[in-house]
Structures are given as C-alpha cells and as structure tokens.
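# Structural characterization, general
Listed here are the chains, written in short residue letters.
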Amino acid sequence: MTKEELMRRAIELSIENVAKGGGPFGAVIARNGEIVATGVNRVTPDCDPTAHAEVSAIRAAARKLGTFDLSGCEIYTSCEPCPMCLGAIYWAHLDRMYYGNNKHDAAAIGFDDAFIYKELDLKPEDRKLKSEVLLPDEAKKAFDDWGKKTDKIKY
C-alpha cells in the first residue's frame, strides 16, 4: 500500500470510530507498505484514559510481532499525537510518523493538549499535579539491582 492509502485507512478508522461511539482518532502501523496493526480511540467506551488510537495500535503491533521494538515500522495517525502517544511512539522505536489533522485542529474540537506541554516545562513543585519524593532510598534498590543485572533486555 502507498503512504496515502495507509493514511486513508487511518482516517477511515477515525470516521468509523466516531459512528461507533469512540473518539475521532484512528491509527495504522505498517511495515514495508503492509498493515501490521490498527487502533482507534476507545477512551470513553472502554473507560481507559490510555486507550488512544496510537497506543492501541502500538500494543496490537507489538503483540502481533512479538516484540516491543517496532523498528522498521511506520505509524499513520489521523491526528498529530498527544504527548502520551508521542512518547509511546518514541518508546516503540517507530521509524516514521505521518498524521492528518494537527494539534490545533484537535484543540478546536476540545482536545487541547497544550496544558500538558506547558506542565512539562515546569518544575515538579510548580505543576498542577501535586507530587513529592517519597522513600527514594528504598526505591533505589530496584535501580541498583537493574544496574547489576547481566542478563537484562535493554529497551
């Protein structure tokens, strides 16, 4: 399939998903022009705030390919990803991303992620989500153990 055909599939998924009660987002993960997996936004129907189209497609592709490393794959998404999805795309090591609508288009219909980007620039103590460091010395043991582990799988 061509890039355009793959993007059209992501867009079709987003349109179909609205009709089924989900959010207006669809995503396709492909390798060498072949669809590996798809995903749609199921946040409200599944009561899962992480069930965004891109994350759902990444999860499905990783399961299908049996790996957390999706190098060699590309993602086609109907809209520029939110910060969570963009992070997941980087963690999945996807080679390239294509998107249709942009974040301003999303904001115009009520999906405004600007506040998250602003929060990330702030010091933790200045963010709206209050947080504090708790038991760091105890938490460090897992990191120490990981650092010493000789058979770990890096990701």
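These numbers were taken from a predicted model, which means no experiment stands behind them.

### Quick look at the packing of aromatic side chains
- In this structure the tally under the stated criterion is four aromatic pairs.
- Each ring, one from phenylalanine 25 and one from phenylalanine 111, has its centre 4.9 Å from the other, and the planes form 90°; the classification is edge-to-face. Highlighted residues: phenylalanine 25 in the loop between helix H1 (3-19) and strand S1 (26-31) and phenylalanine 111 in the loop between helix H5 (103-108) and helix H6 (114-121), separated in sequence by 86 residues.
- For phenylalanine 111, a relative accessible area of 36% puts it in the partly exposed group.
- Taken together, a centroid distance of 6.0 Å and an interplanar angle of 75° make the contact between phenylalanine 68 and tyrosine 155 edge-to-face. Separated by 87 residues along the polypeptide, phenylalanine 68 in the loop between helix H3 (53-65) and strand S3 (74-79) and tyrosine 155 in the segment after helix H7 (136-148) bring together distant segments of the chain.
- Three or more aromatic residues joined by ring pairs make a cluster, and in this case those are Phe68, Trp146 and Tyr155.
- Positioned above the aromatic ring of tyrosine 117, the side-chain terminus of lysine 103 is 5.2 Å from the ring centre.

### Digging into the packing of H3 against helix H4 (residues 83-91)
- Running from N to C, H3 and H4 point in directions that differ by 25°, and their axes come no closer than 8 Å. Classified by the interaxial angle, the pair formed by H3 and H4 is roughly parallel. Crossing angle aside, the handedness with which H3 passes H4 is left-handed. Facing H3, whose interface residues are Glu54, Val55 and Ile58, H4 presents Met84, Cys85, Ala88 and Ile89.

How each quantity is defined
- Residues numbered from 1 in each chain as written.
- Predicted model: local features only at pLDDT ≥ 70, side-chain atom pairs only at ≥ 80, totals over all residues.
- Heavy atoms only, no water.
- Phe/Tyr/Trp six-rings, centres within 6.5 Å; stacked < 30°, edge-to-face > 60°.
- Helix = DSSP H or I, 4+ residues; strand = E, 2+ residues; numbered from the N terminus.
- Buried < 20%, exposed > 50% of the residue type's maximum accessible area, 1.4 Å probe, protein only.
- Lys NZ or Arg CZ within 6 Å of the ring centre and 35° of its normal.
- Axes fitted to C-alpha atoms, helices over the stretch in contact; angles between N-to-C directions.
- Parallel < 35°, antiparallel > 145°, perpendicular 65-115°, else oblique.
- Left-handed = near helix turned anticlockwise from the far one by under 90°.
- Contact = heavy atoms within 4.5 Å.

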